[in-house]
Amino acid sequence: MKKYLYIASLALTLGACGQKAVVGDDKSLSTESELLAERLQTLQQRGYMMGHQDDPMYGVTWEGTYAGDSAETGRSDVLATVGDYPAVMGFDLGGIEMGDAKNLDSVPFTRIHDELIAHHERGGIVTLSWHPRNPLTGGTAWDVTDSTVVKSVLEGGSQHEKFQTWMQRVGDFIATLKTQDEQPVPIIFRPWHENNGSWFWWGQKLCSDEEFRGLWDMLQDYLASERGFTNLLWSYSPNLDGGWTEERFLQRYPGNDRVTLIGEDAYQWGTEDDFKNALNADLTFLSDFAKRNEKLLAMTECGLKNMPDSTWWTRVLQPIMDEYPISYFLLWRNFKEEYFGPSPELPCAADFKKLHESKNTLFLKEIKD
Ligand code: BMA
């Protein structure tokens, strides 16, 4: 019932502002993911959403799930700083493929399950990434010692069977992500990210273009077709590049019929000027590509590690985001050794409050209805 009310109110909203109802021609979009695409499209007219990885799991000064499956549910550094949750929360599936009880950052999957559903039920939007271990060497996602790894999981490869089990475990977990009334939770699903770098086993130098696309298609065909999930909105998310051309971008792009959201992970690791120049160049290309191909655009991960510059958000990031049709930006996790978001006691808290007060930044309360 809720769903039909939602569709009706969405139709009214879209009708009222004259927006086209459907984003692009992604053939994997289905019931819940299509509604999510439309919701994202509508919200983007009002501004960009604030997102945070592992937001309710642990923070700059509290261990949360690192100290065990603590009872501190609902705690959040963003909430403590500005009185509202992020609009978007990100969680990671790394470790699910091994049958582990906790992910690669020590967060129990039972807790990811509960927090992901809780955020959806409070009106928020959720996104999942996956840092699977290296199926060939047994190392982590960052083990790039053997460049035959992608080939090994494709059909005919030595790890193909094992990888089927890995995908099955991902599917089994996704199948549990349902509301109390058994509705699948819509999820922005973002596998094989930062693939234009060579620090993950699916990276640029680790596989050919065909092998990368084979990897994408194998996972997508399994989850969308074989398992029939109707709640996954697929996001293609390379890393900050600084030099995209259409030709280079298309080399590993899964295709308009397989993706609804494009974006990139953009951290400032070097100088501010280098970051600004690269990000502006990339967003100029990506926003044009998104417009021409009817895709949504997001900063799928971003941040400045440990915030050495307490005004970075409003001085560096915000003026750039203001220039482009961005759906959301997701700050990476607040772990005590590496944090990217705010926390009340940090010098950057005041700047984050300014960001929150800006009209075009959307937090949970602003997207609820
Ligand atoms: C990386 C770092 C790691 C973490 C991984 C997955 O960027 O934050 O510490 O394990 O993401 O969340």
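Residues numbered from 1 in each chain as written. Predicted model: local features only at pLDDT ≥ 70, side-chain atom pairs only at ≥ 80, totals over all residues. Heavy atoms only, no water.

### Side note on the confidence of the model for the chain
Summary statistics for the chain give a mean pLDDT of 94 and a share of 93% for residues scoring 70 or more. In this model, residues 1-22 is a region of pLDDT below 50 whose contacts with residues beyond four sequence positions or in other chains number 24 contacts. (pLDDT = per-residue confidence, 0-100. Contact = heavy atoms within 4.5 Å.)

### Focus: the nonpolar core
Counting residues in each nonpolar core, the largest one holds 89 residues, and the members touching the most others are F163, F189, W192, L223, M299 and F329. When residues of this core are assigned to their parent elements, the largest contribution, 8 residues, is made by helix α9 (residues 272-293). Listed in part, the 22 residues of the second largest apolar core include L43, M49, W332 and I367. (Core = buried A, V, L, I, M, F, W, Y, C linked by side-chain atoms within 4.5 Å. Buried < 20%, exposed > 50% of the residue type's maximum accessible area, 1.4 Å probe, protein only. Helix = DSSP H or I, 4+ residues; strand = E, 2+ residues; numbered from the N terminus.)

### Let's talk about unusual backbone geometry
Despite not being glycine, E182 shows a phi value in the positive range, around 70°. By the secondary structure assignment, E182 is in the loop between α6 (160-175) and β4 (187-190). Look at E182 and you get exposed, because its relative accessible area is 55%. Although it is not a glycine, E194 adopts a positive phi angle of roughly 55°. Mapped onto the elements of the fold, E194 is located in the loop between β4 and α7 (209-226).

### A word on the side chain of N239
Within the secondary structure layout, N239 lies in the loop between β5 (232-236) and α8 (246-252). Aside from chain neighbours lying at most four places away, what touches N239 is E194, N196, W199, W244, E264 and D265.

### As for the site of the ligand
Residues in close proximity to the ligand include L104, D105, H131, W142, W332, R333 and E338, which together make up its full environment. A distance of 3.0 Å separates an oxygen atom of the ligand from a polar atom in the side chain of W332. Measuring from an oxygen atom of the ligand, one finds a side-chain N or O atom of R333 at 2.9 Å. Surface burial for the ligand is 74%, taken as the share of its 310 Å² of free accessible area covered by protein chains. Class assignment for the residues of the shell around the ligand results in 3 nonpolar, 1 polar and 3 charged. (Near = heavy atom within 4 Å. Polar contact = N/O pair within 3.5 Å; in protein donor to acceptor, adjacent residues only side chain to side chain. Areas by Shrake-Rupley, 256 points an atom, 1.4 Å probe, with all protein chains shown as cover. Nonpolar A, V, L, I, M, F, W, Y, C, P; charged D, E, K, R; others polar.)

### Things to note about the environment of M167
Mapping M167 onto the fold places it in helix α6. C-alpha of M167 to C-alpha of Q220: the two residues are 53 residues apart in sequence and 9.8 Å apart in space. Once residues lying within four places of it in the same chain are set aside, the contact partners of M167 are M218, L219, Y222 and L223.

### Remarks on helix α2 (residues 31-44)
Every α-helix winds through 3.6 residues per turn, so residues three or four apart in the chain are directed the same way. Between its first and last C-alpha atoms α2 spans 20 Å; for 14 residues at 1.5 Å apiece the expected length is 20 Å, and the two agree. α2 sits mainly inside the fold: 11 of its 14 residues count as buried. Taken as a whole, α2 has its buried residues at E32, S33, L35, L36, A37, E38, R39, L40, Q41, T42 and L43. (Expected span 1.5 Å × (residues − 1).)

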